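Take a look at the letters that make up each chain.
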Amino acid sequence: MKIVHKDKGVYSFSRFHKPVEYVDLGEPVILETEDAVGGQVKSEDTPLEKIDWNRVNKATGPIYVNGVEAGDTLIVDILDIDVASEGVILVVPGAGALAQRSFKPKAKLVKIRDGVAFFNDVNLIIKPMIGTIGVAPEVDAIPTAIPYKHGGNLDCIEVCRGARLYLPVSVDGALFAAGDLHAVQADGELCVSSIEVEGKILLRFNVVKKWKPEWPIVELGDHYSVLVADEDLDRAVEIATEYVVQTLMKAKKWSFEEAYMFSSLGVNIAVNQVVDPKKGVRAILPRNLISIYDLLNPCQ
Ligand code: CA
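Quick summary incoming for the structure in this document. Fair warning: this is a prediction, and the values are worked out from it, not measured in the lab.

1. Section: the nonpolar core
Logical step 1: Formed by 44 residues in total, the largest nonpolar core has its most connected members in Leu74, Phe176 and Phe205.
Logical step 2: In terms of nonpolar packing, the next biggest core, distinct from the first, is built from 25 residues, Val226, Ala236, Ile239 and Ile290 among them.

See the structure below:
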């Protein structure tokens, strides 16, 4: 099986990056990943002002997926995520939901054993997830710290083992990359970081030819989630709501008014994170209402 080493990574999603590996559709591949701070914090005494912020949020890749072209949807099946036995969580003044408050920068190392993370006297069942995952965008380049239509720093708890991600492809081969694993995260990611941890991801790719979503879609269990990000949280909710209302109108042949009414009854909005350069939400739709094609648009 192909293994992409964590040294082979990028700090932006871009059509100009040279692929580090080529994989076929259906071929399983392992990506090794750094933690989001590039392994720079191995002690709680590490002065955070010494962190090189140019070396954070690395994504392993990019991978050229054979048989995938601009205008397609890249399907990413997340088969497994393995995390290391220790992660780190940081608070940094000026960052997070309480960015205006006065407090000290601090790092805390968190041990992980047998699926449990140990935070002070609280044991947390881990649910490993991929924070940053995406493909080359339509524009020249987007830093890995930013979530947008190509994926990126989604920090969505549903991007976990067993999930299937649908990403809009803008360049041939997709140029896929991923990293920034979290051992466990809550919706919002309020303090700006999570249990940032290095690890390994087992993935498999597939394709939907000539159809693509406008925003990333996650399929997990009995629902689809549309992942939308914007500088303004209210605007992100508005865009996500419009997307699912349009989807319901198409799938159910309902009027706008009927689909809008139904959005109050059958669509959940959740917050992925409020701490990245663009804030992220997801609109959650039951899978038994629609098909994946209702969430995609045909490309000429
Ligand atoms: Ca992140």
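Read on, since the account is not over.
2. Looking at the sheet that holds strand 1 (residues 2–4)
Logical step 1: Strand order in the open sheet formed by nine strands is 1-5-19-7-16-21-22-24-23, with mixed pairing between adjacent strands. If you trace the sheet from one side to the other, it starts and ends with strand 1 and strand 23 (268–273), each paired once. In this sheet, adjacent strand axes meet at a mean angle of 30° when their direction is disregarded.
Logical step 2: Relative to strand 19 (residues 199–208), strand 5 (residues 29–33) runs antiparallel, the two being bridged by five bridges. Bridge assignment links Val29 to a residue of strand 19, and that residue is Leu203.
Logical step 3: Along the sheet, helix 1 (residues 233–252) contacts strand 21 (217–220), strand 22 (223–230), strand 23 and strand 24 (279–286); its crossing angle with strand 24, the most-contacted strand, is approximately 25°.

3. As for the environment of Leu296
Logical step 1: Topologically, Leu296 is positioned in the loop between strand 24 and strand 25 (297–298).
Logical step 2: For Leu296, a relative accessible area of 0% corresponds to the buried category.
Logical step 3: Remark: the alpha-carbon pair of Leu296 and Asp234, spanning 62 residues in sequence, is separated by 24 Å.

4. What about helix 1?
Logical step 1: Here helix 1 is 20 residues long and its end C-alpha atoms lie 28 Å apart, about the 28 Å a rise of 1.5 Å per residue gives.
Logical step 2: Inspection of helix 1 places Ala236, Ile239, Ala240, Tyr243, Val244, Val245, Thr247 and Leu248 among the buried residues, and these make up the whole buried set.
Logical step 3: Against strand 21, strand 22, helix 2 (256–266), strand 23 and strand 24 lie the buried residues of helix 1.
Logical step 4: The N-cap residue of helix 1 is Asp232: its side-chain oxygen and the backbone nitrogen of Asp234 are 3.3 Å apart.
Logical step 5: Phi turns positive, to about 60°, at Lys253, one or two residues after helix 1.

How each quantity is defined
- Residues numbered from 1 in each chain as written.
- Predicted model: local features only at pLDDT ≥ 70, side-chain atom pairs only at ≥ 80, totals over all residues.
- Heavy atoms only, no water.
- Core = buried A, V, L, I, M, F, W, Y, C linked by side-chain atoms within 4.5 Å.
- Buried < 20%, exposed > 50% of the residue type's maximum accessible area, 1.4 Å probe, protein only.
- Pairing = 2+ DSSP bridges.
- Helix = DSSP H or I, 4+ residues; strand = E, 2+ residues; numbered from the N terminus.
- Axes fitted to C-alpha atoms, helices over the stretch in contact; angles between N-to-C directions.
- Contact = heavy atoms within 4.5 Å.
- Expected span 1.5 Å × (residues − 1).
- Polar contact = N/O pair within 3.5 Å; in protein donor to acceptor, adjacent residues only side chain to side chain.

Taken by themselves, the reported measurements are silent on function.
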